[in-house]
Amino acid sequence: MTTTARETSPVQGPAEAEDAGHVDVLIIGAGVSGIGVAHHLRDQFPERTFVILDAQDNRGGTWWTHRYPGVRSDSDLFTYGYRFKPWRGPAIAAGGEILAYLDEVIDAEDLGRHIRLRHQVTAASWRTEERQWTVQVTRGDTGQQLRFTAGFLWMCPGYYNHAKPYRPQWEGTDRFQGMIVHPQDWPEDLDLTGQRVVVIGSGATAATLIPAIARQAQHVTMLQRSPSYFFAPPAVNELAATLRELKIPDEWTHEILRRQYMAQTDMLARMSVQSPDELHAFLLESVRPLLPPGFDIDRHLTPRYRPWQQRIAIVPDGDLFAALREGSASIVTDTIETFTERGVKVSSGDEIPADVVVSATGFNLSVFGDVAFTVDGEPVDFTGRVTWRGIMINDLPNMAYVFGYFRHSWTLRVDLVADLVGRLLENMRDKGATMVMPALGPQEADMRLRPWADPENFNSGYVMRSQHILFRQGDREPWTHLLEHEQEREILPAVDLDDGTLVYR
């Protein structure tokens with residue numbers, strides 16, 4: 001689905017929607033990004049009004065919509081946690097623990113009164129003459145149409161479609177006598193006791209789900225088309241445990257562990273480019289001792305891509321491999337030929353028996369929540385636009401967005417983006433400007449437009465199959481994005497907001 005006004009349903013006009021009021025800043029999304037930027041906005045501009053809109057029926061974004069067994073972070077919580085809020089739990093945490101952490105931020109900041117749940121944003125229209133955004137909203141609980149206006153729009157809806165996960169089409173699913181479920185739509189009453197389960201996929205979701213359900217199911221088979229990289233760190237960070245035993249203040253422990261994990265990830269990210277063979281060997285050898293005797297590591301755990309061209313799946317204490325050793329789980333590496341009445345037949349001719357099939361096949365990317373944008377009455381086709389530092393879009397006034405990191409924790413970028421947008425808002429105030437937007441100048445006339453993501457850098461399936469609906473990047477700063485945190489923590493704080501790439505009015 002492209003994010004253009006031409007390809008969305010007609011938006012109700014102002015006379016048909018109830019006026020919901022005006023705010024200085026309208027934040028879209030009440031997940032980790034929206035909650036984080038709301039904190040920074042209040043901290044830097046306590047006098048400014050804001051509202052947070054979210055289409056879900058509760059806060060938390062991913063951590064609310066993903067409720068499958070075992071759901072947990074695939075980044076350490078010392079860096080996934082906010083810079084301003086110490087994390088006091090284990091390095092890898094369950095979804096419920098992360099929600100509780102977000103609730104602490106909401107309560108401490110009194111953000112709850114600013115959050116409007118079940119508010120689905122359908123369209124956003126900028127009028128230069130009025131210097132404001134008009135945002136059309138549908139209430140999910142009542143169907144009521146609302147109209148918000150705002151001087152600045154901050155898009156924090158995450159990067160995938162919560163309502164429509166990716167479901168490949170397989171032959172024979174209509175004759176399968178069992179149940180097919182997607183982790184994103186996990187039934188609350190699903191009982192896997194004594195069931196034979198096939199989990200299709202080999203990424204972070206599969207690695208998280210399988211150890212959790214293997215305790216209950218008769219047997220779980222991970223069916224993968226090709227292997228992924230895994231890393232099995234200890235569930236408990238020894239340094240964190242030592243610092244806590246020594247009664248070191250939580251703020252100090254949080255900062256020390258953040259620096260430790262950032263340094264580790266920096267090193268691994270550099271190795272993935274500079275010495276990928278060495279990193280490949282390290283990752284495989286680190287899990288080899290955790291595998292059952294005779295396990296075919298070349299077939300089942302040796303990926304076809306360079307380390308970190310896709311996310312590395314984290315398995316704390318090697319819990320996935322423990323299930324393999326115990327015999328409660330197994331891995332089959334093959335392609336699906338067809339579903340049968342009793343299971344899944346793969347290309348080798350084998351049939352894997354199944355009562356339940358879980359399609360841990362990923363998600364669909366969403367461009368700014370699939371909101372239809374217009375500027376002065378003209379639809380915005382994002383496929384023809386380019387990013388400005390991964391924070392704004394050319395010729396789109398008074399709009400910023402948050403997109404995190406692929407390799408480092410997402411939240412590390414939330415803090416950096418909030419700092420830069422805060423400086424931008426301050427710069428606008430100092431200039432007396434009511435409008436700002438990135439604009440390509442004559443010097444960019446020869447700039448080569450590149451795809452949203454370079455496959456040589458990152459090529460996960462959900463990215464590659466969505467490139468055609470995404471905005472682009474250029475071949476030079478500041479029109480590039482998807483840099484590493486090691487680079488951006490130096491670059492973004494030093495950005496010159498008066499370098500000529502931003503137009504103020």
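None of the values given here were measured: they were computed from a predicted structure. Residue numbers restart at each chain and count upward from 1, following the sequence in its written direction. Only residues with pLDDT of at least 70 are given local features in this predicted model, and only at 80 or more are side-chain atom pairs given and counted; all residues enter the totals for whole chains, interfaces and linings. To obtain the side-chain values, all non-hydrogen atoms of the structure were used and water was disregarded.

Caption draft 1: View of the sheet that holds strand β14 (residues 343-346). Any two strands with at least two DSSP-identified bridges between them are counted as paired. Comment: elements are numbered from the N terminus, with helices defined as DSSP H or I runs of at least four residues and strands as E runs of at least two. The three strands are arranged β13-β14-β15 in an open sheet whose pairing can be described as antiparallel. Two strands in the sheet have a free side with no partner beyond their single neighbour: β13 (336-339) and β15 (351-353). Neighbouring strand axes in the sheet, compared pairwise and without regard to direction, differ in orientation by 25° on average. Two strands pair when backbone bridges link them, and β13 and β14 are joined in this way by three bridges, in the antiparallel orientation. Note on β14: the bridge partner recorded for T338 is K345. Fitting a line to C-alpha atoms yields each axis, with helices limited to the stretch in contact; the angle taken between N-to-C directions then spans 0 to 180 degrees.

Caption draft 2: Representation of the pattern of salt bridges within the structure. Salt bridges are defined by distance alone: a side-chain nitrogen of Lys or Arg within 4 Å of a carboxyl oxygen of Asp or Glu. In total, this model carries 25 salt bridges according to the counting rule given. Between E484 and R407 there is a salt bridge whose closest N-O contact spans 2.5 Å. On the criterion of sequence distance, the pair formed by E484 in the loop between α12 (461-464) and α13 (485-491) and R407 in the loop between β21 (399-401) and α11 (410-431) is long-range, its members being 77 residues apart. Here E484 and R407 have matching classes, each one buried. A salt bridge links E488 to R413, with the nearest nitrogen and oxygen atoms 2.7 Å apart. Separated by 75 residues along the polypeptide, E488 in helix α13 and R413 in helix α11 bring together distant segments of the chain. The residues E488 and R413 share a single accessibility class, namely buried. Residues participating in the shared-partner salt-bridge network are D446, D475 and R476. The classification of residues rests on relative accessible area computed with a 1.4 Å probe and restricted to protein chains. Under 20% of the type maximum is buried, over 50% is exposed, and intermediate values are partly exposed.

Caption draft 3: Structural view of the packing of helix α5 (residues 204-214) against helix α10 (residues 319-326). Contact geometry of α5 with α10 gives a least axis separation of 8 Å together with a crossing angle of 45°. The angle between α5 and α10 falls in the class oblique. When the axes of α5 and α10 are compared, the crossing they make is left-handed. Residue-level inspection shows A207, I210, P211 and A214 of α5 in contact with α10, the latter providing D319, L320 and A323. The cut-offs work like this: below 35 degrees is roughly parallel, past 145 is roughly antiparallel, 65 to 115 is roughly perpendicular, and the gaps in between are oblique. By convention, the crossing between two helices is left-handed when the near helix turns anticlockwise from the far helix through less than a right angle, and right-handed when the turn is clockwise. Between two residues, a contact is recorded if the distance between any of their heavy atoms is within 4.5 Å.

Caption draft 4: Representation of unusual backbone geometry. With an omega of 5°, the peptide bond running from E477 to P478 counts as cis. For P478, the position within the fold is in the loop between α12 and α13. You will see that R131, though not glycine, has its phi angle at about 55°, which is positive. Its location among the elements puts R131 in the loop between β4 (119-127) and β5 (132-139). Assessed through its relative accessible area of 27%, R131 is described here as partly exposed. In this structure, D370 takes a positive phi of about 60° despite not being glycine. The topology assignment puts D370 in the loop between β16 (356-359) and β17 (372-375).

Caption draft 5: The environment of F363, seen in detail. Tracing the backbone through its elements, the reader meets F363 in the loop between β16 and β17. If we ignore the near neighbours within four places in the chain, the residues touching F363 are Y159, Y160, P165, Y166, Q184, Y462 and R465.

Caption draft 6: Looking closely at helix α1 (residues 32-44). Its 13 residues give α1 an end-to-end C-alpha distance of 19 Å, which sits within 8% of 18 Å, the value for a rise of 1.5 Å per residue. Counted residue by residue, α1 has 10 buried out of 13 residues, so it is predominantly covered. For α1, the complete set of buried residues consists of V32, S33, G34, I35, G36, V37, A38, H39, H40 and L41. Where the residues of α1 are buried, they touch β1 (18-28), β2 (50-53), α3 (77-80), α4 (95-109), β6 (145-155) and α11. The span expected for a helix works out to 1.5 Å for each residue beyond the first.

Caption draft 7: The sheet that holds strand β8 (residues 196-200), seen in detail. The five strands lie next to each other as β7-β16-β8-β9-β12, forming an open sheet whose pairing is parallel. Edge positions in the sheet fall to β7 (179-181) and β12 (329-333), since each has one partner strand and no second. Along the sheet, successive strands turn relative to each other by an average axial angle of 20°, direction set aside. With five bridges joining them, β8 and strand β9 (residues 219-224) adopt parallel strand pairing. In the strand pairing of β9, R196 is matched with H219.

Caption draft 8: Structural view of helix α8 (residues 276-287). With 12 residues, α8 should cover 16 Å at 1.5 Å per step; its first-to-last C-alpha distance of 17 Å lies within 8% of that length. L279, L283, L284 and V287 are the residues of α8 that are buried. All buried residues of α8 fall inside an arc of 125° around its axis, so they share one side. Every exposed residue of α8 that faces more than 90 degrees away from the buried side is listed here: D277 and E278. Looking at the buried positions of α8, the neighbouring elements they touch are β10 (230-231), α7 (250-274), α9 (297-300) and α10. Here, the arc refers to the directions that run from the helix axis to the C-beta atoms.

Caption draft 9: Up close: the pairing of β9. Most of β9 is tucked away: five of the six residues are buried. By convention a crossover is right-handed if, when the strands point away from the viewer, the path from the first strand over the helix to the second runs clockwise. In this fold, the crossover linking β8 to β9 by way of α5 has right-handed handedness. As paired strands, β9 and β12 are joined by five bridges and run parallel to one another. Residue pairing for β12: M222 is matched across the bridge by I331.

Caption draft 10: The arrangement of a negative patch on the surface in detail. Within the patch definition used here, like charges are joined within 9 Å and nonpolar side chains (Val, Leu, Ile, Met, Phe, Trp, Tyr) within 5 Å, considering only residues with over 30% relative accessible area and no salt bridge. Accessibility throughout is a Shrake-Rupley quantity obtained with a 1.4 Å probe, and a residue counts as covered only by protein chains that appear here. The charge count includes Lys and Arg as positive and Asp and Glu as negative, but it does not include His or the ends of the chains. Charged groups are reduced to one reference atom each: NZ for lysine, CZ for arginine, CG for aspartic acid, CD for glutamic acid. Taken together, E129, E130, D376 and E378 make up a surface patch of like negative charges. The residue E130 is located in the loop between β4 and β5 in this model.

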